[in-house]
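So the chains spell out like this:
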Amino acid sequence: MPLQIMGPTSGSVTIQPTDTFTNTLTLPAGSGTLLSTANPQSGGIIQTVYGQASNQRYSTTSTSWVDITGMTVNITPKSANSKILIMGDLKIGGTSNCSVNIALVRNGTQIYIGDTRGSRQRVTYATSNDTNLNDVYASCNVYLDSPGTTSPVTYKIQMRTEVGNAGTGYLNTDGENPDTAEGSTSASSITVMEVMCS
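All of these numbers come straight from a predicted model, not from anything done at the bench.

What counts, and where the lines are drawn
Residues numbered from 1 in each chain as written. Predicted model: local features only at pLDDT ≥ 70, side-chain atom pairs only at ≥ 80, totals over all residues. Heavy atoms only, no water. Helix = DSSP H or I, 4+ residues; strand = E, 2+ residues; numbered from the N terminus. Buried < 20%, exposed > 50% of the residue type's maximum accessible area, 1.4 Å probe, protein only. Polar contact = N/O pair within 3.5 Å; in protein donor to acceptor, adjacent residues only side chain to side chain. Phe/Tyr/Trp six-rings, centres within 6.5 Å; stacked < 30°, edge-to-face > 60°. Salt bridge = Lys/Arg side-chain N within 4 Å of Asp/Glu carboxyl O. Core = buried A, V, L, I, M, F, W, Y, C linked by side-chain atoms within 4.5 Å. Patch = residues over 30% accessible without salt bridge, like charges linked within 9 Å, V, L, I, M, F, W, Y side chains within 5 Å. Areas by Shrake-Rupley, 256 points an atom, 1.4 Å probe, with all protein chains shown as cover. Pairing = 2+ DSSP bridges.

Chemist: I'd love a proper account of the side chain of Lys91, names of residues and values included.
Modeler: As for its position among the elements, Lys91 is in strand E6 (residues 83-94). Using a relative accessible area of 18% as the deciding quantity, one classes Lys91 as buried. There is a polar contact of 2.9 Å between the side chain of Lys91 and the backbone oxygen of Ala187.

Chemist: Let's hear about the environment of Gln158: which residues, and what values?
Modeler: Following the sequence through the fold, Gln158 ends up in strand E11 (residues 153-161). In this structure the C-alpha to C-alpha distance between Gln158 and Thr124, which are 34 residues apart in sequence, comes to 9.7 Å.

Chemist: Quick one: what's the story with the packing of aromatic side chains, residue by residue and with numbers?
Modeler: Under the criterion given, the structure shown has one aromatic pair. A centroid spacing of 4.9 Å and a plane angle of 20° characterise the contact between Tyr112 and Tyr143, whose relative ring orientation is stacked. On the criterion of sequence distance, the pair formed by Tyr112 in the loop between strand E8 (109-111) and strand E9 (125-126) and Tyr143 in strand E10 (residues 137-145) is long-range, its members being 31 residues apart. Judged by relative accessible area, which is 36%, Tyr112 ranks as partly exposed. According to the relative accessible area criterion, Tyr143 is partly exposed, its value standing at 25%.

Chemist: Tell me about unusual backbone geometry, and please be specific about residues and values.
Modeler: Phi angles above zero are rare outside glycine, and Asn107 is one such case at about 50°. Among the structural elements, Asn107 can be located in the loop between strand E7 (100-106) and E8. In this structure Asn107 comes out as partly exposed when scored by relative accessible area, which is 47%.

Chemist: Residue-level account of the pattern of salt bridges, with values.
Modeler: Inspection of every chain in the model, using the stated rule, returns three salt bridges. Salt-bridge contacts for Asp89 lead to Lys91; the nearest nitrogen and oxygen are separated by 2.9 Å. Measuring nitrogen to oxygen at the nearest pair gives 2.7 Å for the salt bridge that ties Arg106 to Asp145. Taken together, the residues span a long stretch of sequence, with Arg106 in strand E7 and Asp145 in strand E10 at a distance of 39 residues. Since its relative accessible area comes to 21%, Arg106 is described here as partly exposed. Judged by relative accessible area, which is 2%, Asp145 ranks as buried.

Chemist: So, the nonpolar core: which residues are in play, and what are the values?
Modeler: With 21 residues, the main nonpolar core has Ile68, Ile86, Leu90, Tyr155 and Ile157 as its most contacted residues. Of all the secondary structure elements, the ones that give two or more residues to this core are strand E5 (66-75), E6, E7, E11 and strand E13 (188-195).

Chemist: Run through a nonpolar patch on the surface, naming residues and quoting values.
Modeler: The grouping of Leu3, Ile5, Val13 and Ile15 at the surface amounts to a nonpolar patch, some 320 Å² of accessible area in total. Of all elements in the fold, only strand E1 (3-6) and strand E2 (12-15) reach the threshold of two or more residues within the nonpolar patch. Among the structural elements, Leu3 can be located in strand E1. The partly exposed category is assigned to Leu3, whose relative accessible area is 46%.

Chemist: Tell me about the environment of Met193, residues and numbers included.
Modeler: Here Met193 shows up in strand E13. The exposure class of Met193 is partly exposed, given its relative accessible area of 22%. As a C-alpha pair, Met193 and Gln47 span 146 residues in sequence and 5.7 Å in three-dimensional space.

Chemist: Explain the pairing of E7 to me, and be specific about the residues and the numbers.
Modeler: Within E7, six of the seven residues are buried, which leaves the element mostly enclosed by the surrounding structure. Looking at chain direction, E7 and E11 are connected through seven bridges and run antiparallel. Residue Ala103 lies in a different strand from E11, and its bridge partner there is Gln158. Relative to E9, E7 is paired through two bridges, and the arrangement is antiparallel. Within the sheet, the bridge partner assigned to Asn101 lies in E9 and is Ala126. Across three bridges, E7 lies against E8 in antiparallel orientation. Pairing of Val105 across the sheet is with Gln110, part of E8. In sequence, E7 turns back onto E8 through a hairpin of two residues, with Asn107 there showing a positive phi of about 50°.

Below you can see the structure in the form of structure tokens.
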């Protein structure tokens, strides 16, 4: 038979067991707050969204920021007080003497980039400007964002080649990219998690 718990003034909770229900529900002796998706514990993960670019070799020669295919995710926060934990894991290569720049973007605005300092480019990450085509750089970026909204939020990772120095930037492979046993193909991803904050 169902078990109904009545509220002190109004409302109730009904527990309806199945015909084969044999489990025992044990309630704590102390008082506390019932946690739910509508009332989660502060610091807990409410939801997770994941994007991956593993089945392609993405490349660009652009010195302007371009979106990386597969590296865009959308999340709708449950609370305007929530933080969004962003983790970007990229494998980057480039042609000779060409640095590759990476930027984290929220709703069209770059976030988690360096401060203004002279003529330097503001980026989330940049590879070394060297001559070794066989290098693959791992860009592992973690950032805790405060979007302050319950509207949909789009996070993406953008890429460009070094301003003032022509070259090609690659995702998931090195600059040489030989189709031999010496070559390699990697995977990249972006993960966002909503973290409850009181």
